[in-house]
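# Analysis of the macromolecular model
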Amino acid sequence: MSTDKKTALLAGASGLIGQTLLQQLLNSNEYSKITILVRRPLELQHPLLEQKVINFDKIGTLELKADDIFCTLGTTIKTAGSKEAFKRVDKEYPLQIANQSFNNGARLFAIVTSMGSNKNSSFFYNQVKGELEEELKNINFQHIGIFRPSMLVGNRKESRIGEKIGQIFMKVFDFLIPKKYKAIHVDKVALAMLEYAKRPKEGLSEIESDKMY
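Structural notes, computed from the coordinates. Everything quoted here is computed from the prediction, not taken from an experiment.

### So, the packing of helix H3 (residues 83-103) against helix H4 (residues 124-136)
Packing of H3 against H4 leaves a shortest axis separation of 10 Å and a crossing angle of 15°. In terms of axis orientation, H3 runs roughly parallel to H4. Between H3 and H4 the crossing geometry is right-handed. Where H3 abuts H4, its residues Lys83, Phe86, Lys87, Asp90, Lys91, Pro94, Leu95 and Ala98 lie against Phe124, Tyr125, Val128, Lys129, Glu131, Leu132, Glu135 and Leu136.

Set out below in structure tokens:
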């Protein structure tokens, strides 16, 4: 095993984008070790994979150490149970992961937020994502990549009726929709994150959905 390869840490490996990104990281030949933060172990074994079972409410007390950090954590208010719980998963956990890993020498932080993220948005979801982005920008990572995909296409474990309706609408009117707003498959988002990590620009990179194709 080459000692000059980087190490990676992924939070959100059981999610829609995270599952795909994990497979791409393991197959990339870029990393000597990939650590994932999970509530429960995944049914997956790989010589490069380390599964760290944690209590996410205690992230601030953990030593998170890797060269490249990937965060695909995300939920919905319905799944979380309240706005407060949603904000904890979608903002507080990622911020704590970013701060802890930065303090332990991480050079790169790549995260999925959302198209329309804006701290001043009248939509709670976009507002939380915007607040997260603003606070992440204050952490001085050598490389920070913020990925803002449009509606995601992929095989979710849970059914989201509104999303399914939106996907049907987008397919019917695909020829009228600008590329930035077209539905995007999770594979493309995950691959864009991996490619970014291979050749990151200095400082902040904000990658909109159309740039992930």
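### Re the environment of alanine 190
Summarising the element assignment, alanine 190 is placed in helix H6 (residues 186-198). Accessibility expressed as a relative area gives 0% for alanine 190, which makes it buried. Note: C-alpha distance between alanine 190 and leucine 16 (174 residues apart in sequence) is 9.7 Å. If near-sequence neighbours (up to four positions away) are discounted, alanine 190 is found in contact with Ile17, Thr20, Leu21 and Gln24.

### Description of the packing of aromatic side chains
If you walk through the whole model with that rule in mind, you get seven aromatic pairs. Look at phenylalanine 56 and tyrosine 93: their rings are 5.6 Å apart centre to centre, the planes differ by 40°, and that puts the pair in the tilted class. With phenylalanine 56 in the loop between strand S3 (49-53) and strand S4 (68-71) and tyrosine 93 in helix H3, this pair connects stretches of sequence that are 37 residues apart. Each member of the pair, phenylalanine 56 as well as tyrosine 93, is classed as buried. Residues phenylalanine 147 and tyrosine 196 carry aromatic rings whose centres are separated by 5.7 Å and whose planes lie at 80° to one another, so their mutual orientation is edge-to-face. One end of the pair, phenylalanine 147, is in strand S6 (residues 143-148); the other, tyrosine 196, is in helix H6, and 49 residues separate them in sequence.

### Examining the pattern of salt bridges
For the structure shown, the criterion picks out 15 salt bridges. In this structure, the salt-bridge partner of lysine 129 is aspartate 90, at a minimum N-O distance of 2.7 Å. Of this pair, lysine 129 sits in helix H4 while aspartate 90 sits in helix H3; the two residues are 39 residues apart in sequence, bridging distant segments of the chain. The pair lysine 129 / aspartate 90 is uniform in exposure class, with both members buried.

### Considering the sheet that holds S3
Here seven strands make up an open sheet; going across it, the order is S3-S2-S1-S4-S5-S6-S9 and the pairing parallel. Each edge of the open sheet carries a strand with a single partner, namely S3 and strand S9 (203-208). When the angles between neighbouring strand axes are averaged without regard to direction, this sheet yields 15°. Summarising the sheet, strand S5 (residues 108-112) and S6 pair through five bridges and their orientation is parallel. Paired with valine 112 across the strands is phenylalanine 147, a residue of S6. Contacts between H4 and the sheet are confined to S5 and S6, with S5 contributing the most and set at about 170° to the helix.

### Observations regarding the environment of leucine 152
Inspection of the secondary structure puts leucine 152 in strand S7 (residues 152-153). Taking the C-alpha atoms as reference points, leucine 152 and aspartate 187, separated by 35 residues in sequence, lie 9.7 Å from one another.

### Quick look at the nonpolar core
Formed by 32 residues in total, the largest nonpolar core has its most connected members in Ile34, Phe70 and Phe147. Element by element, the count of residues in this core is highest for H6, at eight residues. In this structure, isoleucine 34 is in contact with Ala8, Leu22, Leu25, Leu26, Leu48, Leu49 and Glu50, ignoring residues within four places of it in sequence. Core analysis: the second largest hydrophobic core is formed by 25 residues, Cys71, Leu95, Phe109 and Phe141 among them.

### What about H4?
Taking 1.5 Å as the rise per residue, H4 with 13 residues should run 18 Å; its terminal C-alpha atoms sit 18 Å apart, in good agreement. Of the surrounding secondary structure, the elements contacted by the buried residues of H4 are helix H2 (77-80), H3, S5 and S6.

### Concerning H3
The terminal C-alpha atoms of H3 lie 29 Å apart, and with 21 residues this matches the ideal 30 Å at 1.5 Å per residue to within 8%. Along H3, the helix axis deviates most sharply at valine 89, where the bend reaches about 35°. Within the sequence span of H3, burial applies to Ala85, Phe86, Val89, Asp90, Lys91, Tyr93, Pro94, Leu95, Ile97, Ala98, Gln100 and Ser101. Those residues of H3 that are buried are in contact with strand S1 (6-11), strand S2 (31-38), S4, H2, S5 and H4. Within two residues after H3, glycine 105 carries a phi angle of roughly 95°, on the positive side.

Analysis parameters
- Along each chain, residues carry numbers from 1 onward, in the same order as the chain's sequence is written.
- Local features are withheld for residues below a pLDDT of 70 in this predicted model, meaning they are given only at 70 or higher, and side-chain atom pairs are given and counted only at 80 or more; totals for whole chains, interfaces and linings count all residues.
- In computing side-chain values, all of the structure's heavy atoms are included and hydrogens and water are not.
- Lines fitted to C-alpha atoms define the axes here, with helix axes fitted over just the stretch in contact, and angles between the N-to-C directions of these axes take values from 0 to 180 degrees.
- Here a helix means four or more residues in a row that DSSP labels H or I, a strand means two or more in a row labelled E, and each is numbered from the N terminus.
- When describing relative orientation, an angle under 35 degrees is termed roughly parallel and one over 145 degrees roughly antiparallel, while 65 to 115 degrees is termed roughly perpendicular and anything else oblique.
- Here a crossing is called left-handed whenever its near helix is offset anticlockwise from the far helix by less than a right angle, and right-handed whenever the offset is clockwise.
- Residue contacts follow a heavy-atom distance rule, with two residues in contact if any of their heavy atoms lie within 4.5 Å.
- Relative accessible area decides the class of each residue, using a 1.4 Å probe on protein chains only: under 20% of the type maximum gives buried, over 50% gives exposed, and in between gives partly exposed.
- Aromatic contacts are taken between Phe, Tyr and Trp rings whose centres are within 6.5 Å, Trp giving its six-membered ring; a plane angle under 30 degrees counts as stacked, one over 60 as edge-to-face, and the others as tilted.
- Any Lys or Arg side-chain nitrogen found within 4 Å of a carboxyl oxygen on Asp or Glu counts as a salt bridge.
- Whether two strands pair comes down to DSSP finding at least two bridges between them.
- What is meant by a nonpolar core is a set of buried Ala, Val, Leu, Ile, Met, Phe, Trp, Tyr and Cys residues, joined one to another through side-chain atoms within 4.5 Å.
- For a helix, the expected span equals 1.5 Å multiplied by the residue count minus one.
- The term bend refers to the angle at a residue between two fitted axes, each drawn through seven residues, those ending there and those starting there.

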